[in-house]
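Survey of secondary and tertiary structure
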Amino acid sequence: MPDHYVRGGGTNAGALDSWFALAHLASKTKLIHVGTMVTPIPLRPPALLAKMVATVDVISNGRTFLGVGAGWLRREFEAYSEWNESSVRVSKTEEGLKLIRDLWTKEKVEFLGKYYRVEGGVLEPKPIQKPHPPLLFGGSGPRMLRLAGKYGEIVFLPPDLKLGFAEAKNIVLDSAKESKRTGTISFAAGSPVNESGHGPAEYIPERFQHAVLEAQKNGCEYFDFSVPENGLLDSMGDFARNVIPSFT
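Positions within a chain are numbered from 1, following the residues in the order the chain's sequence is written. Given that this is a predicted model, residues contribute local features only at a pLDDT of at least 70 and side-chain atom pairs are listed and counted only at 80 or more, while totals for whole chains, interfaces and linings are drawn from all residues. Side-chain metrics rest on all non-hydrogen atoms present in the structure, leaving aside hydrogens and water.

Let's talk about the overall build of the protein chain
Strands are runs of DSSP state E lasting at least two residues, helices are runs of H or I lasting at least four, and both sets are numbered from the N terminus onward. When helices and strands are counted, the protein chain shows eight helices and nine strands. Atoms counted for the radius of gyration: C-alpha only. Globule rule: 2.2 Å times residue count to the power 0.38. Against the 2.2 N^0.38 benchmark of 18 Å for 248 residues, the protein chain shows a C-alpha radius of gyration of 18 Å, consistent with a compact globule. Taken along its principal axes, the extent of the C-alpha atoms in the protein chain is 55 × 40 × 35 Å. Looking at the protein chain residue by residue over its 248 residues, the buried ones come to 46%. With the model as given, the accessible surface of the protein chain reaches about 13500 Å², and the carbon-plus-sulfur share is 54%. We treat Lys and Arg as the positive residues and Asp and Glu as the negative residues; His and chain ends play no part in the count. Where a charge lies is defined by one atom per residue type, namely NZ (Lys), CZ (Arg), CG (Asp) and CD (Glu). In the protein chain, the 29 positive side-chain charges and the 28 negative ones have mean positions that sit 5 Å from each other. Partly exposed residues are those whose accessible area sits between 20% and 50% of the maximum for their type, while under 20% is buried and over 50% is exposed, using a 1.4 Å probe and protein chains only. Using the Shrake-Rupley algorithm and a 1.4 Å probe, accessible areas are obtained, with residue cover drawn only from the displayed protein chains.

Written as structure tokens, this is what we have:
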């Protein structure tokens, strides 16, 4: 699910709290994985977010992931949190992730950062997944791409990247090498966008089949299916019946 309390474009259309909704979905399902695409980490206190995600991981028996972004919707931050310039939001994102991972993996946390502070932090029960639920990065700027290489398990590279796909992927992989991290990184590609570049394109099976083929050529293991809300279920059904079987 997207993770926003208000929507972009100036609309006042409603939005559910994603982690409450995901907890409900997790309790009603047995196989699918549930998570966000993506959570603006600076929007909430990271210790509370760590608890929310851990709770969903327990309820789902290890089927959640945390989407990671720095946030972009100014009016959302001004309404529910605090708006900062981009460089500060990215710094808060990294510091928040360090705190979240500490709470997920350590028995007791003492954390004193520039933006966040925790004394005697104890998060129990821990997430089911070890060492922690996967982090899915969705930012496309160079700093966020480097953070993705340092911390992410899955990296989503959207179709409207200012950088080319190969260049962005190399930034992620170079950062992973420099940080000497362990574990693998998987990549995800996205659905076509509309002519404005700010929303999903109309569902045309042939166009989406081409997008999946390009994702496959680029070494992606995941594809983000995104279409306009009008006709969503019909589009999703056609994609499942006529596009997915071509690649399985």
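Here we look at the pattern of salt bridges
Here a salt bridge means any side-chain nitrogen of Lys or Arg lying within 4 Å of a carboxyl oxygen belonging to Asp or Glu. Using the criterion set out here, one finds ten salt bridges in the structure. Across the pair Lys150 and Glu94 runs a salt bridge, and its minimum N-O distance is 3.2 Å. In this pair, Lys150 is assigned in helix α5 (residues 142-151) and Glu94 in helix α4 (residues 86-105), connecting sequence segments 56 residues apart. Its salt-bridge partner being Lys217, residue Glu214 comes within 3.9 Å of it at the nearest N-O pair.

Describing the side chain of Gln129
Position of Gln129 relative to the elements: it lies in the loop between β5 (117-121) and β6 (135-137). Identification of polar contacts relies on pairs of N or O atoms within 3.5 Å, with a donor-acceptor requirement for protein atoms, meaning one able to donate a hydrogen and the other able to accept it, and with residues adjacent in sequence counted only if both atoms are side-chain atoms. Of note is the side chain of Gln129, whose polar atom sits 2.6 Å from the side chain of Asp57. A distance of 2.8 Å separates a polar side-chain atom of Gln129 from the backbone oxygen of Thr64. Any two residues whose heavy atoms approach within 4.5 Å are treated as being in contact. Beyond its immediate sequence surroundings of up to four residues, Gln129 is in contact with Asp57, Gly62, Arg63, Thr64 and Pro134.

Considerations on the packing of helix α2 (residues 46-59) against α4
Fitted lines through C-alpha atoms serve as axes, helices being fitted only where they are in contact, and the angles separating the N-to-C directions of these axes extend from 0 to 180 degrees. The N-to-C vectors of α2 and α4 enclose an angle of 45 degrees; their axes lie 9 Å apart at closest approach. Here α4 runs oblique to α2, going by the angle between their axes. Regarding α2 and α4, the two cross each other, and that crossing is right-handed. Counted together, Pro46, Ala47, Leu49, Ala50, Val53 and Ala54 of α2 and Gly96, Leu99, Ile100, Leu103 and Trp104 of α4 form the full contact between these two elements. Each residue is assigned to one class: nonpolar for Ala, Val, Leu, Ile, Met, Phe, Trp, Tyr, Cys and Pro, charged for Asp, Glu, Lys and Arg, and polar for all the others, Gly among them. Residue composition of the contact of α2 with α4, by class: ten nonpolar, one polar and no charged. Any angle that is under 35 degrees is reported as roughly parallel, and any over 145 degrees as roughly antiparallel; angles of 65 to 115 degrees are reported as roughly perpendicular and all others as oblique. By definition, any crossing whose near helix is turned counterclockwise from its far helix by less than a right angle is left-handed, and any crossing with a clockwise turn is right-handed.

A closer look at the nonpolar core
Definition of nonpolar core: a set of buried residues of the types Ala, Val, Leu, Ile, Met, Phe, Trp, Tyr and Cys, connected through side-chain atoms within 4.5 Å. If you look at the biggest cluster of nonpolar residues, it comprises 45 residues, and the most contacted ones within it are Leu66, Val68, Trp104, Leu135, Phe137 and Leu157. Among the elements that take part in this core, α4 stands out by supplying six residues, more than any other.

Describing the environment of Phe239
Mapped onto the fold, Phe239 is located in helix α8 (residues 232-243). Overall, Phe239 belongs to the buried group, its relative accessible area being 9%. Separated by 50 residues in the primary sequence, Phe239 and Ala189 place their C-alpha atoms 16 Å from one another. Once residues within four sequence positions are removed from consideration, Phe239 is found in contact with Tyr203, Phe208, Val212, Phe223, Phe225, Ile244 and Pro245.

Considerations on the packing of aromatic side chains
Planes of paired rings set the category: under 30 degrees apart is stacked, over 60 is edge-to-face and the rest tilted, where pairs are Phe, Tyr or Trp rings (Trp by its six-membered ring) whose centres lie within 6.5 Å. Enumeration over the complete set of coordinates arrives at eight aromatic pairs. Ring geometry for Tyr203 and Phe225: centres 6.0 Å apart, planes at 70 degrees, overall edge-to-face. One end of the pair, Tyr203, is in the loop between β8 (186-190) and α7 (205-217); the other, Phe225, is in the loop between β9 (222-224) and α8, with 22 residues separating them in the sequence. Given a relative accessible area of 13%, Tyr203 falls into the buried group. Taken together, a centroid distance of 6.0 Å and an interplanar angle of 15 degrees make the contact between Phe223 and Phe239 stacked. Of this pair, Phe223 sits in strand β9 while Phe239 sits in helix α8, placing them 16 residues apart in sequence. On the accessibility criterion, Phe223 (23% relative accessible area) is partly exposed.

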